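Below are the chains, spelled out letter by letter.
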Amino acid sequence: MKTSIPRLIACALILFALIAPTAVINAQTSGSSARYISNEVEKLDGRVTQVINKAEDHFRKGKLNLDDSKREQARDEFDKAVDSVLESGMDVRASNRLQTFYLELIERIYRLEVPQQQITPQSHSPFTQVAQTSPSTTGNGRLQVQDGGQQDPHQVGFREQKFEPSPLDELSKLVLDPEEQNVSPGALSDLELAKNAVDFGFNTNPLIQQYINYYQGRGRSTMENGIRRSGQFMKMARKIFREEGVPEDIVWLGQVESSWRPRAQSWAAASGLWQFIPGTGSRFGLRQTAWVDERNGYEKATRASAKYLKFLANRYNGNWELAMAAYNTGEGNIDRAISRAGSSNFWVIYPYIAQETRNYVPNILATILIAKNPDKYGFKNIRPDAPLSYDVVEVQGATSLQLIADATDTSVDYIRSLNPELRRDITPRGERYHLRVPAGRSKQFVAVLKRIPSDRRESARVISITPGEDLQAVANRTGLSVAQIQAMNGGADLSATNKLVVPNNSVRNVALVRAKSSATSSLKSVKAGKGDTVAKIAARYNVAADELAKLNGVPSVDAELAAGREIKMPSTATNNTNSRSRRRSGR
């Protein structure tokens with residue numbers, strides 16, 4: 001379900017080429033080819049009309065709810081509009097009319113979700129724009145609407161998350177070159193041996209080796225980055241899959257689905273590490289409200305994925321190849337392919353499924369085989385990232401991520417990265433939310449939070465003070481009065497705290513500029529080069545990438561850094577590249 005318009009058209013043409021000869025043969029046996037073709041076209045067009053009418057009805061209800069400020073009801077109806085197409089049992093790509101309607105439907109919903117943005121028409125899928133844009137803000141934190149006015153953030157749209165493109169959108173367009181398609185008999189024999197190390201059974205096929213060839217060549221960086229990022233989630237995912245009765249090796253589906261990026265989103269509105277569409281996410285217990293989208297979270301989304309895979313495996317009598325195929329394209333499409341092929345073997349139904357799914361299953365199997373034995377396939381010395389580490393604190397009511405970042409001495413970006421299911425820079429209003437904070441900072445955070453009334457946690461900031469700094473000095477650098485600071489902190493004893501609560505809307509300067517202390521002198525800075533990421537710099541200096549990201553407030557170890565940006569690191573870190581150069585030159 002996740003592909004580009006050119007590929008969609010190509011798939012439709014291929015499907016037509018497969019269907020047309022069958023139609024002619026059947027028509028000849030019935031004695032009237034024209035009547036047969038006409039009946040089939042009318043039947044298909046009638047089904048398309050029914051699907052479109054149902055989707056339009058949900059869209060209309062959603063728009064009425066949105067106009068009436070019933071935002072959650074609107075969101076539910078818009079999701080149903082999308083799901084009524086995706087879950088209709090029809091291949092969207094098999095009908096140009098349905099495909100065009102679907103893409104236009106996605107764009108219409110997107111324009112309502114993010115009305116404050118000026119959307120430039122593009123020739124590609126509208127959801128690429130969701131991955132590349134984010135709500136603009138003015139200096140006072142209010143969202144700007146297109147007419148130049150201002151509106152309360154809670155009343156503008158209902159999507160503020162930033163997304164990244166799903167790797168499946170590119171996978172669907174992948175065409176293996178002749179060199180990658182070249183598979184020797186010896187390689188097939190090796191496949192038979194290698195599959196014995198995998199914890200579920202499957203049938204080997206040359207296409208699996210072709211994808212291994214792809215990853216050993218032009219897809220190498222994709223595989224290397226995936227293996228490295230997998231370390232953040234692998235321990236959690238294996239534990240959950242094991243508890244749900246799913247083979248642990250199938251967790252590598254996450255690499256193909258999202259490249260281990262919780263904010264990945266496809267053109268078909270699938271989202272998160274495990275790429276759930278809205279309807280399937282709801283079906284497996286993932287809440288999607290104006291405040292949170294649990295498809296983008298960690299533990300709940302992983303468990304939902306395992307439950308869905310287990311459900312599919314049970315449907316197909318323990319056949320995990322068919323379960324993975326259905327995970328990608330829906331069980332309805334796999335059921336029809338099995339019926340047409342007369343077989344429950346993935347490689348037999350292969351001609352009857354969408355091109356993306358044809359790519360999908362062998363790609364996962366190739367990924368699993370490489371991940372099980374990276375040295376064998378030429379992926380040595382790749383150091384997986386450390387597992388995500390965080391504390392969980394229950395917060396009551398709306399609390400701004402800026403306040404949380406201030407109280408834990410980190411950045412808003414880092415708090416967002418720990419809580420990717422949050423749709424806004426604020427925790428849900430009117431409910432308890434289990435917030436992830438940096439590991440070891442929970443007590444510090446709770447101590448600060450206790451000093452802030454629940455009705456002020458949406459608008460308060462926290463500033464750090466240095467030993468010996470009095471209230472007047474704090475007042476001078478923040479632009480507040482001593483009385484305001486005292487009122488916000490209930491007469492806090494400066495000798496017993498290093499943080500003060502201040503109102504967010506009138507603070508002039510929250511940072512204290514002072515000479516380097518002994519703590520900062522143990523750090524040194526290096527400048528990022530063009531194309532550098534935290535992961536690359538960490539490897540260069542032999543330090544842990546996740547710790548370096550935390551130290552610098554960078555939410556992702558793979559995010560490209562601005563050239564020239566200063567990156568702090570321990571003074572003991574050494575440049576491995578320079579050391580190797582000196583050894584080679586004999587110095």
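(A) Quick peek at the pattern of salt bridges. In the structure shown here, the tally under the stated rule is 35 salt bridges. A salt bridge links R238 to D249; the nearest nitrogen and oxygen atoms lie 3.6 Å apart. Taken together, the residues R238 in helix α11 (residues 234-243) and D249 in the loop between α11 and α12 (253-258) connect sequence positions 11 residues apart. Given a relative accessible area of 22%, R238 falls into the partly exposed group. Look at D249 and you get buried, because its relative accessible area is 1%. R242 is paired through a salt bridge with E248; the nearest N and O atoms lie 3.1 Å apart.

(B) Structural detail: the packing of aromatic side chains. All told, the structure shown has 18 aromatic pairs when counted by the stated rule. With centroids separated by 5.3 Å and ring planes inclined at 40°, the aromatic side chains of Y308 and Y327 adopt a geometry described as tilted. Residue Y308 is located in helix α14 (residues 299-315), and its partner Y327 is located in helix α15 (residues 320-329); the two are separated by 19 residues in the primary sequence. Grouping residues by exposure puts Y308 and Y327 together as buried. It is R436 that lies over the ring of Y390; its NZ or CZ is 5.6 Å from the centre.

(C) Inspection of the packing of α15 against helix α16 (residues 331-341) at higher detail. Closest axis-to-axis distance for the α15/α16 pair is 7 Å, and the angle between their directions is 125°. Between α15 and α16, the angle is such that the two are oblique. Of α16, the residues touching α15 (which contributes L322, A325, A326 and T329) are E331, N333, I334 and I338. In the contact of α15 with α16, the residues fall into five nonpolar, two polar and one charged.

(D) Spatial organisation of helix α22 (residues 471-478). Buried residues of α22: L471, V474, A475, R477 and T478, and no others. Buried residues along α22 sit against β7 (460-464), α23 (482-489) and β8 (499-503). Where α22 ends, the next residue or the one after it, G479, has phi of about 80°, a positive value.

(E) View of the confidence of the model for the chain. Residue-level pLDDT values for the chain average 78, and 76% of them are 70 or greater. Within the model, pLDDT remains below 50 along residues 512-521, and this stretch shows four contacts once partners closer than five positions in the same chain are excluded.

(F) View of unusual backbone geometry. Its identity is not glycine, yet N381 carries a phi of approximately 60°, on the positive side. Along the polypeptide, N381 turns up in the loop between α18 (355-372) and β5 (390-396). Here N381 falls in the exposed class, since its relative accessible area comes to 80%.

(G) Fine view of the environment of Y350. The residue Y350 is located in the loop between α17 (346-349) and α18 in this model. It is 8.1 Å that separates the C-alpha atoms of Y350 and A337, two residues lying 13 residues apart in sequence. Once residues lying within four places of it in the same chain are set aside, the contact partners of Y350 are L207 and R358.

(H) Fine view of the side chain of S400. Mapped onto the secondary structure, S400 falls in the loop between β5 and α19 (401-407). For S400, a relative accessible area of 9% corresponds to the buried category. A polar contact is formed between the side chain of S400 and the backbone nitrogen of L403, at a distance of 3.0 Å. Residue contacts for S400: discarding those within four places in its chain leaves D425, I426, R457, E458 and A460.

Rules used in this analysis
- Residues numbered from 1 in each chain as written.
- Predicted model: local features only at pLDDT ≥ 70, side-chain atom pairs only at ≥ 80, totals over all residues.
- Heavy atoms only, no water.
- Salt bridge = Lys/Arg side-chain N within 4 Å of Asp/Glu carboxyl O.
- Helix = DSSP H or I, 4+ residues; strand = E, 2+ residues; numbered from the N terminus.
- Buried < 20%, exposed > 50% of the residue type's maximum accessible area, 1.4 Å probe, protein only.
- Phe/Tyr/Trp six-rings, centres within 6.5 Å; stacked < 30°, edge-to-face > 60°.
- Lys NZ or Arg CZ within 6 Å of the ring centre and 35° of its normal.
- Axes fitted to C-alpha atoms, helices over the stretch in contact; angles between N-to-C directions.
- Parallel < 35°, antiparallel > 145°, perpendicular 65-115°, else oblique.
- Contact = heavy atoms within 4.5 Å.
- Nonpolar A, V, L, I, M, F, W, Y, C, P; charged D, E, K, R; others polar.
- pLDDT = per-residue confidence, 0-100.
- Polar contact = N/O pair within 3.5 Å; in protein donor to acceptor, adjacent residues only side chain to side chain.

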